[in-house]
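Examining the three-dimensional arrangement
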Amino acid sequence: MSVDLRTRVDSEQAPVAAATFFRETLPALFDAHQAAIGPGGRELRLPDFCIETEGEPWTLAWQGDRVAVKAGHQGAARVRLSAEQLSDLANDQSTPVALMSNRLLDMPEGGLGDFLNWWLVLRAALDARRIHARGDVTFSGPLRKSFTPGTSDAELRAFLEEFGYLHIQGLFSEKEMAAVEADYPKAVPHYEQGDPRAWFATTKDGVEHLVRMEGFERFSPATVALIEDERFRRIGRIPGLDHAERKPGARVGALVKPIGVVKGISDVPWHKDCSLGRHSYECCSLTVGISVTGADAESGQLRVVPGTHRALVWPAPCVQPGLDLEPIDLPTRTGDVTVHLSCTLHMSQPPVRHTRKVLYTGFGQRPVDPAAAEANRLRLQAVRSKTHTSVSQPPGYLGE
Ligand SMILES: [Fe+2]
């Protein structure tokens with residue numbers, strides 16, 4: 001079971017014209033992929049859904065176990081898209097969650113849940129993926145397991161592929177974590193309001209906190225020592241897919257999680273890191289969390305839903321209603337490391353008793369066409385850089 005889930009290449013993206021797409025492309029794909037759509041689709045609430053592109057309405061209707069595409073506006077849910085938005089949606093460059101995050105979701109009738117249910121149907125048809133149905137994802141053992149640095153690569157790989165996450169205890173020492181923590185105040189003066197690499201959040205006492213410093217390794221020799229260490233680099237080799245390190249200057253985000261945030265992003269609700277799009281071009285990447293201080297239910301721990309990387313389900317902003325897969329907590333001690341796949345649903349729990357410090361870094365798949373991938377990534381980043389200032393309860397995508 002490989003965690004290379006890519007099925008598309010940026011340079012081979014097909015143009016999408018609404019009339020042809022709805023009249024010819026989609027009906028043929030719905031027929032071709034009926035077996036992937038039927039079982040999961042039956043479990044979803046799928047009221048007739050109108051997609052209006054540049055004023056041209058087409059309605060998707062669930063009839064029996066099949067999808068019919070009709071000209072015109074029928075039904076109780078409707079989204080209005082530009083031609084570019086339809087094209088990006090069809091080509092998996094964007095998602096309903098991305099539109100919502102950027103405040104571009106225009107739904108005069110119905111809500112995000114309607115769009116997300118139909119998005120699952122569209123993805124199944126467009127990407128030849130099976131919509132998750134109850135009982136599809138099973139496991140060979142308990143959902144919760146921790147490992148040590150002495151665990152073999154083969155065992156770590158097998159667990160990561162099946163469950164979608166890893167918890168490695170004591171990969172780094174308390175002394176190494178103390179050195180990283182000591183670099184926090186030295187880095188702070190390099191981040192100010194307006195810098196997309198600096199994220200701020202306000203607590204209920206009205207105080208504004210710097211909660212995330214992207215590119216932290218530029219100011220932390222202790223962090224550079226960690227990410228150049230074989231103990232860290234080994235993680236990138238666990239899937240056996242030649243994952244690449246992140247770009248210099250943007251390798252590590254250093255987070256502080258204050259208690260009682262009322263504005264800005266500090267704790268991210270349930271999401272897959274591909275929730276804004278590009279799943280079929282990039283997944284799975286690996287996100288690595290290094291616990292500079294420990295974390296538990298009272299201090300901002302990570303939670304994941306094991307197995308969701310194997311399931312076509314809502315990618316955000318909550319666990320899909322009725323999902324038969326269960327969340328688990330991942331409490332950590334100082335020096336522990338968590339790894340999750342970009343397609344594994346995860347969230348960080350708001351701290352209530354203790355603040356927390358954590359570094360997030362990771363490894364990505366090497367694109368087949370780096371230039372085309374970079375051009376499309378830049379367009380997506382425009383969405384990402386706006387979300388942490390414009391949305392107080394965002395869906396996720398945030399590399400944590
Ligand atoms: Fe994330």
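Residues numbered from 1 in each chain as written. Predicted model: local features only at pLDDT ≥ 70, side-chain atom pairs only at ≥ 80, totals over all residues. Heavy atoms only, no water.

Attention now moves to the overall build of the protein chain. Tallying secondary structure elements over the protein chain gives eleven helices and 16 strands in all. For a compact globule of 400 residues, the expected C-alpha radius of gyration is about 21 Å, and the protein chain comes in at 21 Å, within 12% of that figure. With the C-alpha coordinates of the protein chain rotated into their principal frame, the extents come out at 65 × 45 × 40 Å. Long-range pairs, those at least 24 residues apart, make up 81% of the contacts in the protein chain with a sequence separation of at least 6. As displayed, the protein chain offers around 15900 Å² of accessible surface, 52% of which is attributable to carbon and sulfur atoms. Positive and negative side-chain charges in the protein chain, numbering 45 and 50 respectively, have mean positions lying 2 Å apart. (Helix = DSSP H or I, 4+ residues; strand = E, 2+ residues; numbered from the N terminus. Rg over C-alpha atoms; globule rule 2.2 N^0.38 Å. Contact = heavy atoms within 4.5 Å. Areas by Shrake-Rupley, 256 points an atom, 1.4 Å probe, with all protein chains shown as cover. Lys, Arg positive; Asp, Glu negative; His and termini not counted. Charge placed at Lys NZ, Arg CZ, Asp CG, Glu CD.)

If you walk through the whole model with that rule in mind, you get 30 salt bridges. Between Asp 10 and Arg 278 there is a salt bridge; the shortest N-O distance is 2.7 Å. Taken together, the residues span a long stretch of sequence, with Asp 10 in the segment before α1 (18-32) and Arg 278 in the loop between β10 (261-263) and α10 (279-282) at a distance of 268 residues. Comparing Asp 10 with Arg 278, the two get one shared label, buried. When salt bridges that share partners are traced, they join Asp 10, Lys 247, Arg 278, Glu 282, Glu 374 and Arg 377 into one network. (Salt bridge = Lys/Arg side-chain N within 4 Å of Asp/Glu carboxyl O. Buried < 20%, exposed > 50% of the residue type's maximum accessible area, 1.4 Å probe, protein only.)

A separate point is the sheet that holds strand β3 (residues 66-71). Judged by pairing direction, the sheet is mixed, and its four strands sit side by side in the order β3-β2-β1-β4 without closing on themselves. The open sheet is flanked by β3 and β4 (77-81), the only strands paired with a single partner. Geometrically, the sheet is characterised by an average inter-axis angle of 20 degrees between neighbouring strands, direction not taken into account. Examined bridge by bridge, strand β2 (residues 56-63) and β3 share six bridges and lie antiparallel to one another. Residue pairing in the sheet places Ala 61 in a bridge with Ala 68 of β3. In the packing of α1 onto the sheet, contacts are made with β1 (49-53), β2 and β3, and the angle to β2 comes to roughly 15 degrees. (Pairing = 2+ DSSP bridges. Axes fitted to C-alpha atoms, helices over the stretch in contact; angles between N-to-C directions.)

Here we take up the pairing of strand β7 (residues 208-214). Summarising burial for β7: five of the seven residues are buried, a large majority. With antiparallel pairing between neighbouring strands as the criterion, strand β6 (residues 198-203) and β7 make up a hairpin whose turn holds four residues, including Gly 206 at a positive phi of roughly 85 degrees. Alignment of β7 against strand β9 (residues 253-257), held across three bridges, turns out to be antiparallel. If you follow Glu 214 over to β9, its bridge partner there is Gly 253.

Attention now goes to unusual backbone geometry. Following Cys 283, the chain continues to Cys 284 via a peptide bond in cis, the omega torsion being 0 degrees. Among the structural elements, Cys 284 can be located in the loop between α10 and β11 (286-291). In this structure, Pro 317 follows Ala 316 across a cis peptide bond, with omega equal to -5 degrees. Looking at where Pro 317 falls in the secondary structure, it is placed in the loop between β12 (302-304) and β13 (328-330). In the Ramachandran plot, Asp 92 falls in the positive-phi region, its phi being about 65 degrees despite a non-glycine side chain. Counting through the fold element by element, Asp 92 comes out in the loop between α3 (83-90) and α4 (96-101). Of the residues examined, Asp 92 reaches a relative accessible area of 1% and is grouped as buried. Phi is positive for Ala 128, which is not a glycine, with a value near 55 degrees. Looking at the element boundaries, Ala 128 is found in the loop between α5 (112-127) and α6 (153-163).

So, about the side chain of His 167. Examined against the element boundaries, His 167 turns out to sit in strand β5 (residues 165-168). Separated by 2.9 Å, the side chains of His 167 and Asp 336 make a polar contact. Beyond its immediate stretch of four places on either side in the chain, His 167 contacts Arg 144, Lys 145, Ser 146, Phe 147, Leu 330, Pro 331, Thr 332, Asp 336, Val 337 and Thr 338. (Polar contact = N/O pair within 3.5 Å; in protein donor to acceptor, adjacent residues only side chain to side chain.)

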